[in-house]
Protein chains: 2
Amino acid sequence: MKIYGDLISGNCLKVKYVADYLGLEYQWVPVDVVGGGARMPQMLSKNPAGQVPFIEVADGRVLAQSNAIMRYLAAGSTLIPGDPFDQAKMDQWLFWEQYSHETAIAVARFRVLYLGQAIEDLDPALVAKGNAALDIMENHLAENVWFVGGSVTLADIALYAYTQFAEQPGFSLERRANVVCWMEKTKIALSVT
Amino acid sequence: MKIYGDLISGNCLKVKYVADYLGLEYQWVPVDVVGGGARMPQMLSKNPAGQVPFIEVADGRVLAQSNAIMRYLAAGSTLIPGDPFDQAKMDQWLFWEQYSHETAIAVARFRVLYLGQAIEDLDPALVAKGNAALDIMENHLAENVWFVGGSVTLADIALYAYTQFAEQPGFSLERRANVVCWMEKTKIALSVT
């Protein structure tokens, strides 16, 4: 399997975390996201959406979307709960992450780190959206050790991917002790340094 | 099962389409999205994300996120491909729909229909994003009858939900014959009027 990705991208890191956790063999093909690498013709021919990560399996078929790739790679492992309702709750968090978390925190981070926007010039609606997402996580983690069930799942990995970078574009984790604590546990569970 | 939703919302319609297609028994609990119904205290206590649709199962547990709900309800049916890679491709389209399609077409529609914004005043970046999404669909459907495999799946239902309304905020389907043709087939497959 080949994983096409950029290590600056939380979405790409998700796939790496899962592949490493499961001990899968893969070749990492670096794609320069900021330089438009995902939109080069040879990349668009593999993934017309012009995004990374995507994977290419042995017979040449391509799969895109970080959370769909994680779900595919982790099938049958403990990273996906066996109980149907727990599995559905995991999916709930995966979709929520892409709709309400990544679109605020990853977008703000991209603007600050890679487009050079000043933190104080970020769209207040974007900042509010990111803070609302972090509050939902903080409240959920006040009563739950993991996002779903009793051990680390893809829900934790998906949310860890960009939460670990939340302070870079100015989001504060100081009053969010449950999030900080959960990040430490996730890091250990994944053996991420 | 109770389905909390608003029939003006494509995301809510997805859940209704699947429940009706599978002949599931449910009680539809109407929530007025435009009037802020999903953010009323009794709704937030069920879904802190302040969104519909969500479902409440017999024991009171709640599941949110339209695509996660569809996946839960359709487990074991033909709406989810049995082949693992096809199932992963379905997931790819579900995540893409929420990240790159809904966020353009549903958002533009909401602004025009419910916030009263003029079509010509829509953010050009939003319009470009919607057109790019429709182009990706059109190109995919030039070589495929359905989004994944040989029959209707959740990928088609998710994408149908807002594509059917794409013209309301000004997106044109005139040069997108494959999309129009696929919408007709999806409508028939789902017995939607």
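Residues numbered from 1 in each chain as written. Chains lettered and ligands numbered in written order. Predicted model: local features only at pLDDT ≥ 70, side-chain atom pairs only at ≥ 80, totals over all residues. Heavy atoms only, no water.

Colleague: Is there a simple way to think about the relation of the copies chain A and chain B in this case?
Modeller: Here the two chain copies are tied together by a rotation about an axis and a shift along that axis. Once chain A has been moved 0.0 Å along the axis and rotated by 180 degrees, it coincides with chain B to within an RMSD of 0.0 Å. One copy is carried onto the other by what is essentially a two-fold rotation axis. Distance from the rotation axis, computed per C-alpha, reaches its smallest value in chain A at Tyr99 of chain A: 3.1 Å. Of the residues that chain A buries at the interface, 97% are likewise interface residues in chain B, meaning the two copies contact each other through the same surface. (Least-squares fit on C-alpha atoms with pLDDT ≥ 70 in both. Contact = heavy atoms within 4.5 Å.)

Colleague: Where do I start with the domain arrangement of chain A in this structure?
Modeller: Residue and element names in this part refer to chain A. Once the domains are mapped, chain A shows domain 1 (2-74) and domain 2 (84-190). Taken over C-alpha atoms, the centre of domain 1 sits 21 Å from the centre of domain 2. On the side of domain 2, 21 residues touch domain 1, which itself brings 17 residues to the contact. Overall, the association of domain 1 and domain 2 removes approximately 1,500 Å² of surface from exposure, summing both partners, and the carbon and sulfur fraction of that is 62%. In this assembly, domain 1 and domain 2 are joined by 2 salt bridges. (Domains from an automatic or database assignment. Buried area = accessible area lost by both parts, 1.4 Å probe. Salt bridge = Lys/Arg side-chain N within 4 Å of Asp/Glu carboxyl O.)

Colleague: Whenever I open this one, the packing of helix H3 (residues 66-73) of chain A against helix H4 (residues 84-113) of chain A confuses me. Can you help?
Modeller: Helix packing for two helices is described by the angle between their axes and how far apart those axes are. Residue and element names in this part refer to chain A. One way to put it is that H3 packs onto H4 with a least axis distance of 10 Å and a crossing angle of 155 degrees. One way to sum up the angle between H3 and H4 is to call them roughly antiparallel. Between H3, through Ser66, Asn67, Met70 and Arg71, and H4, the contact on the second element is made entirely by Gln87, Met90, Asp91, Leu94, Glu97 and Gln98. Residue composition of the contact of H3 with H4, grouped by class: 3 nonpolar, 4 polar and 3 charged. (Axes fitted to C-alpha atoms, helices over the stretch in contact; angles between N-to-C directions. Helix = DSSP H or I, 4+ residues; strand = E, 2+ residues; numbered from the N terminus. Parallel < 35°, antiparallel > 145°, perpendicular 65-115°, else oblique. Nonpolar A, V, L, I, M, F, W, Y, C, P; charged D, E, K, R; others polar.)

Colleague: How should the interface of chain A and chain B be read in this particular structure?
Modeller: One widely used convention gives an interface's size as the accessible area the parts lose upon coming together. With 29 residues of chain A in contact, the opposing surface of chain B contributes 28 residues. Where chain A abuts chain B, roughly 2,700 Å² becomes buried across the two surfaces, and 68% of that area is made up of carbon and sulfur atoms. Ranking the residues of chain A by area buried against chain B places Phe85, Phe95 and Tyr99 of chain A at the top, with a combined share of 30%. Remark: the boundary between chain A and chain B carries 0 salt bridges. Here chain A is connected to chain B by 6 residue pairs in polar contact (both at pLDDT 80 or more). Elements that contribute at least two residues to the side of chain A that touches chain B include exactly strand E4 (62-64), H3 and H4 of chain A. Among the elements that make up the side of chain A that touches chain B, the one with the highest residue count is H4 of chain A (14 residues). Taken together, the residues that form the side of chain A that touches chain B break down as 16 nonpolar, 7 polar and 6 charged. (Polar contact = N/O pair within 3.5 Å; in protein donor to acceptor, adjacent residues only side chain to side chain.)

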